[in-house]
Structures are given as structure tokens and as C-alpha cells.
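Single-letter residue listing:
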Amino acid sequence: MPNFSFARLSRWLVPLCLLISRALAWGQACSSFAPQGIVDVALLNTSYFPAHALVNFTNLYQSIDTDTLPAFCVVRVQITTNATTGSSCETEIWLPDDWNGRFLTIGNGGYAGGIPYQDAGFIGMTQGFATVSTNTGHYSGSSDGSFAGPGNNNTINDWGWRSIRLSVVYGKEIVQQYYGRGFERSYYLGCSEGDKVQEYPDDFDGVIVGSPANWQTHLEDWGIRTNLNVYPYDGPSFINESLWVNLIHQEVLRQCDALDGLADGVVSVPERCNFRPETLACRPGQNASTCMNELQIEALYHIYSPYVETNQTWMFGAYYPGGEVSFPQGLVGGDPALMDMARGWFQWFVLNDTTWDIDQYNYSLALLADEINPGSSNAINPNITAFAGPDHNGKLLHWVGWADQLISPGNSIHYYESVNLFTKTQTSLNTEDFYRFFTVPGMYHWYVTKRTDRTQGGYGANAFGQSQQPSGFMPPLQYDAQHNILAAMVRWVEEGIAPETLTAVYWNNNNDTEGVGFTRPLCQYPQYPQYRGGDSNLAESFECVF
């Protein structure tokens, strides 16, 4: 007979039984849970997912289909946002069995009306946060603004601020009731929407925002003006995708790639790139697919310049050299659908005129949008001392990709500098004690729209734990504070150690299953990564310099 002992068996059975018992207890707690005494909150349902259970949800904004998550409970509620009109939003609170004691709010992007499942799962649950998110009071994809009207101001307010604000307030109470104890710290992580530190500064201890659409009333104007530089799409000013990718981008690299000391296909210092498109001008008789005419060159000058209006009014930033591969999928392509967000902004949010189109744009509409400020969506106040001052001591991490094709990096720079100026001239605070701003060379706009679309992330070191990256085969290299921006924020808030740099990774073909391509340091603006010698695939071979 085999040598068998009960003692040896018990060493395996006892932990297994404890795990099973614990899972059953959490499952029962989830199925029986109902929020108590919270006005304006109605329970829709709860669902429990054991570890490695299939999690499969889909809405118009995002979907998730995975069996890799730890055990958690989903509490779905309906929150009344305006009792007079009967408006509401749907909110989900995802509650991990192995809770780290922290509260995390996940933001949406654009006009999105749907729970951001991917971040709730691959960021919130994977890292142990009780996580709240909302559909912002409607159902839609990120570029569909038709929910707003015409004239649906109540839903616009839900989208602009009210849904997420109430979801945070009531979500915190639900977390406390579910676990029987309060959370220790509150965090926010999101991208492509306004920042969350101005109107309600006590909601979060740490806020992470990427490429924010915090100046909504100017963002859409800039998008239209940028597109009109190449409009009409069958006219002499139009620049097709082949010219952007095979001609303009290659010339940008020739002129500016090595400004950081290394020619690696990534423009790391676009602000210092004095790109001269005249080098691409057509000679008499030259093949038009290999050069550019005068109107196209003029269009490039406008595209690479900030949008400035009457009386030298600065409206918005510019496209930056180095992002040309993504620009045709941004604001200068020939597909009218690319302008749906900007077109919808004026049709549904500003003018209540569904016949309006971008060729009718003029500066008076920007002034009108500023006056209305639909949904109170602008978040441009440079005074964030209520968030950052000694009474709250909040922290803000802000990043932007230099190759962003949807929101000019100049917008992020403008806001950071405005906060820095206000802080220096109007307070005794030091900006770097509460606000750190990182730029990401070669990174496009923040998201990966499909797990099979490997072009979305860009061609620089672009993975560092931000929204929709872990769900798109682009996780951080490690989940420590140097490589994962959420861990960096937690360490700053809870241990007082601010991130000097972050280390980002480029996965080959933006897919972690294909291995590491290279790593780079992400530098605090206005620093940039300068190559100092050694293995160019390693972040250690670069230093952040001014």
C-alpha cells in the first residue's frame, strides 16, 4: 500500500475547505445584500463571481469577456438624479472578496453611456479596489451625443457631472454597508473627460487623469477647425492617409527623431521639433503621391499650430509632430463619421439643430458654447487649492500622449501651466507637492477600442497601468509603483512618496503575449527622456532632462 497519512492529507484539505467556506460565505453575502436607508437608490440586482468564473458583459460603450478575475460581487443600483423630472443613472459597485480597503471610481470617455467594464475588472478587481462606475444617465457609445436632445438638458447634466457625483457619494455608502467598515482612501482613474478635483475636492484623495477633455467647449471647436484645414475631402487641401504615413511622418522623423539622442522612430521632444514641411513641396511634374502642393503645406502649418481666434484669443492646442500615423483616424481623415463627436456637440448640446454641419462653424458658436457650458462640462479653474491644500492634501497625476490624435496635448500643457501659475502667484503651495504631469512620447489617445486592434496604443512605450490598457493586452510591466500609475498614486497618498518618473513598456505590436519591445522613462513636463548610451531598449539608458 502507498505510504499515506491523514496528517499529510489534512495539510491540503484544511486550506481547501477554508477557501470553499470563505467563497460560500462571500457568495451568500452578495446574494443577500441590499442597500439600507439610502434615499434615491434602488437595488436592481446583485451577482457573485467566484474566482476564475466567466465574466461576460456588453454594452454600447464597453464589453468584458474573461475568466481571469478574482472573486467579487457586483451590486447594480439605479440612482435618481433628479426627482422632479424622474431622471436616473445606472451604477455598478464591484466588490472584491479580497478587498484592499480602498475605493476607486472609474471614469467614462467622451459621450459614453455605459459601465466601463474593462477597467472595473482588469484594474479594479485585479488590484483589490472596491470600484464604482456609472452609465452617466444614458446608453450610447463614446461618440454618439444624440441622447442630449435636442434640448435634453436634464440628461446633459447627468452626463456632465451629476451621475458620477451621486455614484461616488452613494457608492461609498454601499461599500461601507457591504463590508461593514469604511474605506481608507478614495481614488479616481479616468481619461478623456474633465478632471475631478475642482467642484467636489473632498471626493478623492488621489486623482489620475489622462488626456482630459476638461475644456469641452473649446475641444470640439478645435476639432472642427483642424478638420476644416483639409476640407473638402475631394479638394486640393486634403491630405490622404498615405501622405500622412509614408511622406509627412517619415520627414518628421528625419528632421526630429534624433533630438533626444536616439533615432528610434519615436519623437520624444515634439515641442522642440521645428518641422519644415516645405521640404516636401512638389517640383514641376513630380508625382503628386510623393510630394505636397502649396495648399497642403499651408494646411500643415495650421494643423501644427494652436487654434487662435479673434484678438489673439488662445482657443486650444495643436497636433504635435510625431503622431502622423494616427492623425487620419483622428481629426483630419476623409471619413465624415470621424467628426461625429464635434458635429454632435453643436447639433445636440449647443444649437439644438440636427441639420447643422461642420462647414457652418464660426467663432460666434464658440462664444455661445462657452456661455451655455452644457452639462457644466468645463473643468478649467486653475485654483484647486481646496483639493490640494492642507485641509485635504489631495494628489493629482496627469498624463498625455504626445501623439494624441483626438485631444491636443497642448490642452493638457495649458491646464498644467495655468494651475502652476496660479499656485505660484496666489498661494504658498508648491505645485509639485500635489500635481505631477507626465508626457508619453509616441502614445496615441488613451484607449484600445478592440483587443484585436494593435495600432491603437501608439508606437512608443505606452503601457503603465492606465485606463483600458490591461484589458487590451497592454498591462504595465509590473504592478509596483514605478511601473503602474495607480500604485504610484497610492504610494504618494499613503506614504508621501511622489513619483519622480514612471517606467512604461512598449509590448511588441502592443500585445504583451509577443514580449517586451523596449522600456522608457516617463518624465515630468517639461523634461524629456534623453538617451545617454547603453542598451537603447532599456529605460535605464535614458535620463529625464530639461
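You'll find the structure just up there.
Here's a quick rundown of the structure. Because the structure is predicted, anything quoted here is derived from the model rather than measured. (Residues numbered from 1 in each chain as written. Predicted model: local features only at pLDDT ≥ 70, side-chain atom pairs only at ≥ 80, totals over all residues. Heavy atoms only, no water.)

## Some words on the overall build of the protein
Moving on, step 1. Along the backbone of the protein there are eleven helices and 17 strands.
Moving on, step 2. Radius of gyration (C-alpha) of the protein: 25 Å, near the 24 Å computed for a compact globule of 546 residues.
Moving on, step 3. Overall, the C-alpha framework of the protein stretches about 90 × 65 × 50 Å when taken along its three principal axes.
Moving on, step 4. Taken over 546 residues, the protein has a buried fraction of 58%.
Moving on, step 5. Across the protein, the fraction of contacts at a sequence separation of at least 24, relative to all contacts at a separation of at least 6, is 66%.
Moving on, step 6. Of the charged side chains in the protein, 26 are positive and 54 negative; the average position of the first set lies 8 Å away from that of the second. (Helix = DSSP H or I, 4+ residues; strand = E, 2+ residues; numbered from the N terminus. Rg over C-alpha atoms; globule rule 2.2 N^0.38 Å. Buried < 20%, exposed > 50% of the residue type's maximum accessible area, 1.4 Å probe, protein only. Contact = heavy atoms within 4.5 Å. Lys, Arg positive; Asp, Glu negative; His and termini not counted. Charge placed at Lys NZ, Arg CZ, Asp CG, Glu CD.)

## Quick notes on the packing of aromatic side chains
Moving on, step 1. This structure, assessed with the given rule, holds 42 aromatic pairs.
Moving on, step 2. Aromatic side chains W161 and Y200 sit 6.3 Å apart centroid to centroid with 25° between the ring planes, which places their arrangement in the stacked category. Placement of W161 in helix α3 (residues 153-179) and of Y200 in the loop between β8 (185-191) and β9 (206-210) is noted, with a sequence separation of 39 residues between them.
Moving on, step 3. On the basis of relative accessibility, which here comes to 29%, the residue W161 falls in the partly exposed class.
Moving on, step 4. Residue Y200 is classed as partly exposed on the basis of its relative accessible area, which comes to 33%.
Moving on, step 5. Plain terms: the ring middles of Y188 and F204 are 5.5 Å apart, the flat faces sit at 55° to each other, and that makes the pair tilted. Residue Y188 is found in strand β8, and its partner F204 is found in the loop between β8 and β9; the two are separated by 16 residues along the sequence.
Moving on, step 6. These aromatic residues form a ring-pair network of at least three members: W222, W244, F275, Y304, F316, Y319 and F327. (Phe/Tyr/Trp six-rings, centres within 6.5 Å; stacked < 30°, edge-to-face > 60°.)

## Regarding unusual backbone geometry
Moving on, step 1. Following G149, the chain continues to P150 via a peptide bond in cis, the omega torsion being 5°.
Moving on, step 2. The topology assignment puts P150 in the loop between β7 (130-134) and α3.
Moving on, step 3. With omega at -5°, the peptide bond leading from Y231 into P232 counts as cis.
Moving on, step 4. Of note in this structure, S376 is not a glycine but carries a positive phi near 50°.
Moving on, step 5. Turning to its location among the elements, S376 is positioned in the loop between α8 (363-372) and α9 (385-388).
Moving on, step 6. Notably, F473 is not glycine yet its phi reads approximately 65°, a positive angle.
Moving on, step 7. Inspection of the secondary structure assignment puts F473 in the loop between β13 (435-440) and α11 (485-495).
Moving on, step 8. F473 sits in the partly exposed class, given a relative accessible area of 26%.

## Some remarks on the pairing of strand β11 (residues 313-316)
Moving on, step 1. The pairing of strand β10 (residues 307-309) with β11 spans three bridges and is classified as antiparallel. Its bridge partner being in β11, Y307 is matched across the sheet by F316.
Moving on, step 2. As consecutive antiparallel partners, β10 and β11 are separated by three residues, and within that stretch N311 has a phi angle of approximately 55°, a positive value. (Pairing = 2+ DSSP bridges.)

## Some points on the environment of G334
Moving on, step 1. Topologically, G334 is positioned in the loop between β11 and α7 (340-350).
Moving on, step 2. Distance from G334 to Y233, taken between C-alpha atoms, is 5.5 Å for residues 101 residues apart in sequence.
Moving on, step 3. Setting aside its immediate chain neighbours within four residues, G334 contacts Y233 and F238.

## Some words on the sheet that holds strand β15 (residues 516-524)
Moving on, step 1. Pairing within the open sheet is mixed, and its eleven strands lie in the order β1-β4-β5-β7-β6-β8-β9-β12-β13-β15-β14. Either end of the sheet is taken by a strand with one partner, and the two such strands are β1 (41-49) and β14 (502-507). When the angles between neighbouring strand axes are averaged without regard to direction, this sheet yields 20°.
Moving on, step 2. As paired strands, strand β6 (residues 102-106) and β7 are joined by three bridges and run parallel to one another. Following the sheet pairing, F103 is matched in β7 by A130.
Moving on, step 3. In this fold α3 packs onto β1, β4 (72-82), β5 (87-96), β6, β7 and β8, with an angle of close to 35° to the strand it touches most, β5.
Moving on, step 4. Strands β6, β8, β9, β12 (395-401), β13 and β14 of the sheet are contacted by α11, whose axis makes an angle of about 155° with β12. (Axes fitted to C-alpha atoms, helices over the stretch in contact; angles between N-to-C directions.)

## Points about the state of the cysteines
Moving on, step 1. A full pass over the atoms with the stated rule returns four disulfides.
Moving on, step 2. Sulfur-sulfur distance for the disulfide between C256 and C273 comes to 2.0 Å. Disulfide C256 to C273: torsion about the S-S bond roughly 75°, handedness right-handed. Of the two residues, C256 sits in helix α5 (residues 241-256) while C273 sits in the loop between α5 and α6 (294-303), which places them 17 residues apart along the sequence. A single burial state applies to C256 and to C273, both of which are buried. (Disulfide = S-S within 2.5 Å.)

## Here we look at the pairing of strand β2 (residues 55-58)
Moving on, step 1. What you see with β2 is a clean split: V55 and F57 sit on the buried side and N56 and T58 on the side with no burial.
Moving on, step 2. One ladder, built from four bridges, connects β2 with strand β3 (residues 63-66); its direction is antiparallel. Bridging across to β3, F57 finds its partner in I64.
Moving on, step 3. Where β2 folds back onto β3 in an antiparallel hairpin, the turn is made up of four residues.

## Here we look at α8
Moving on, step 1. Burial in α8 covers these residues: Y363, L365, A366 and A369. Looking straight down α8, one finds its buried side chains confined to an arc of 155°; they lie on one side.
Moving on, step 2. Once α8 finishes, N373 follows within two positions and takes phi at roughly 45°, a positive value. (Arc of directions from axis to C-beta.)

## Points about the nonpolar core
Moving on, step 1. Counting 52 residues, the largest nonpolar core has W244, I248, Y304 and F349 as its most contacted members.
Moving on, step 2. Broken down by element, this core gets its largest block of residues, seven residues, from α5.
Moving on, step 3. Aside from chain neighbours lying at most four places away, what touches F349 is Y111, G145, F147, A148, I156, W159, G344 and P374.
Moving on, step 4. V77, C89, F204 and V400 belong to the second largest nonpolar core, which has 44 residues in total. (Core = buried A, V, L, I, M, F, W, Y, C linked by side-chain atoms within 4.5 Å.)

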